Amino acid sequence: MRLIADDLSSCSALVVDANPTSRSIWISQLRDFGVGTVAQAARPQDARRQLEFRTFDFVLCELHFTTDAMSGQDLLDDLRRNQLLPFSTVFIMITAEATYAKVAEAAESALDGYLLKPHKATHLAERLHSARMRKESLKEIFQAIDDEQFEEAAALCTQRFESKG
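Anyway, here's the lowdown on the structure attached to this text. (Residues numbered from 1 in each chain as written. Predicted model: local features only at pLDDT ≥ 70, side-chain atom pairs only at ≥ 80, totals over all residues. Heavy atoms only, no water.)

## A word on the nonpolar core
Our working rule: Think of a nonpolar core as a cluster: buried Ala, Val, Leu, Ile, Met, Phe, Trp, Tyr and Cys residues, connected wherever their side-chain atoms sit within 4.5 Å. Using a 1.4 Å probe on the protein chains alone, a residue whose accessible area is under 20% of its type maximum counts as buried, one over 50% counts as exposed, and one in between counts as partly exposed. Secondary structure elements are defined from DSSP: runs of H or I of at least 4 residues count as helices, runs of E of at least 2 residues count as strands, and each element is numbered from the N terminus. Contact definition: two residues touch when any of their heavy atoms are within 4.5 Å.
Residues Leu 30, Phe 33, Phe 58, Leu 60 and Leu 128 are the most contacted members of the largest nonpolar core, which totals 21 residues. Looking at this core, the elements that each hand over two or more residues are β1 (12–16), α1 (20–33), β3 (58–62), β4 (90–95) and α5 (121–137). When neighbours within four sequence positions are excluded, Leu 30 is seen to be in contact with Ala 13, Val 15, Val 35, Val 38, Leu 60 and Leu 128. Formed by 20 residues, the second largest nonpolar core is a distinct cluster that contains Phe 56, Leu 63, Phe 65 and Leu 79.

## Details of the pattern of salt bridges
The condition that has to hold: We count a salt bridge whenever a side-chain nitrogen from Lys or Arg sits within 4 Å of a carboxyl oxygen from Asp or Glu.
Across all of its chains, the model carries nine salt bridges by this definition. One salt bridge in this structure joins Arg 43 and Asp 46, with 3.3 Å as the shortest N-O distance. Arg 43 gets classed as partly exposed once you look at its relative accessible area, which sits at 36%. A relative accessible area of 23% places Asp 46 in the partly exposed class. Among the ionic pairs, Glu 62 bridges to Lys 117, the shortest N-O distance being 2.6 Å. In this pair, Glu 62 sits in strand β3 while Lys 117 sits in the loop between β5 (113–116) and α5, placing the two residues 55 residues apart along the sequence.

## Quick look at the packing of helix α2 (residues 44–53) against helix α3 (residues 72–81)
In plain terms, the rule: All axes here are fitted lines through C-alpha atoms, helices being fitted over the stretch that makes contact, and every angle between N-to-C directions spans 0 to 180 degrees. Working definition: roughly parallel below 35 degrees, roughly antiparallel above 145 degrees, roughly perpendicular at 65 to 115 degrees, and oblique for all remaining angles. The crossing is said to be left-handed when, going from far helix to near helix, the turn is anticlockwise and less than a right angle, and right-handed when the turn is clockwise. Residues are grouped as follows: nonpolar covers Ala, Val, Leu, Ile, Met, Phe, Trp, Tyr, Cys and Pro; charged covers Asp, Glu, Lys and Arg; every other residue, Gly included, is treated as polar.
Closest axis-to-axis distance for the α2/α3 pair is 10 Å, and the angle between their directions is 25 degrees. As the angle between them shows, α2 and α3 are arranged roughly parallel. Regarding α2 and α3, the two cross each other, and that crossing is right-handed. Here Pro 44, Ala 47, Arg 48 and Leu 51 of α2 lie close against α3, whose contacting residues are Leu 75, Asp 78 and Leu 79. Broken down by class, the residue content of the contact of α2 with α3 amounts to five nonpolar, no polar and two charged.

## Focus: the side chain of Ser 22
Tracing the chain through its elements places Ser 22 in helix α1. Looking at Ser 22, the relative accessible area reads 14%, which means it is buried. With sequence-adjacent residues up to four places away left out, Ser 22 is seen in contact with Asp 17 and Lys 117.

## Quick notes on α2
Going by this rule: Directions pointing from the helix axis toward each C-beta atom define the arc.
Within the span of α2, buried status applies to Pro 44, Ala 47 and Leu 51. Along α2, the residues classed as buried sweep out an arc of 60 degrees about the axis, all on the same side.

## Observations concerning the side chain of Asp 78
By the element assignment, Asp 78 lies in helix α3. Asp 78 gets classed as buried once you look at its relative accessible area, which sits at 10%. Ignoring any residue separated from it by four or fewer positions in sequence, one finds Asp 78 in contact with Arg 48 and Met 70.

## Things to note about unusual backbone geometry
The omega torsion across Lys 117 and Pro 118 is -15 degrees, close enough to zero to call that bond cis. Residue position: Pro 118 is located in the loop between β5 and α5. Positive phi outside glycine occurs at Glu 148, with the angle close to 60 degrees. Along the chain, Glu 148 turns up in the loop between α6 (139–146) and α7 (150–163).

Geometry only, nothing functional implied.
Now the structure itself:
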């Protein structure tokens, strides 16, 4: 059941959710999309440890962890603050929470997607595909930032902006 046109066999994903059933569903969906390697974490702290030592193409994370003081939003903020999440990584928050305040807070953290539970596999596939296309189109800029060539990154941004009219 391939729902994404891209070949994702060389991609890796991290699924972060305390609920083993949710993790299992997301892992199955990612494998159905063709993602080659899927890791999992039940707690945000475990996910952070994995992200300290490994880079993932996709991170799917629950917003609320009932038995944990840290939320998915806290994890994302910590990863950004400590530069543990490369710009090329697609980070999607999946939650049943749809209040304006939560969505706005998530948007301020430069999320690549916000998906409400319950969701269809096609909705997740669409979010992953569009976020991946966005990341791919900005790849040169992200690489310049990663290489700490900030002037080049700014020039690439300006060039991109001007070429779009």
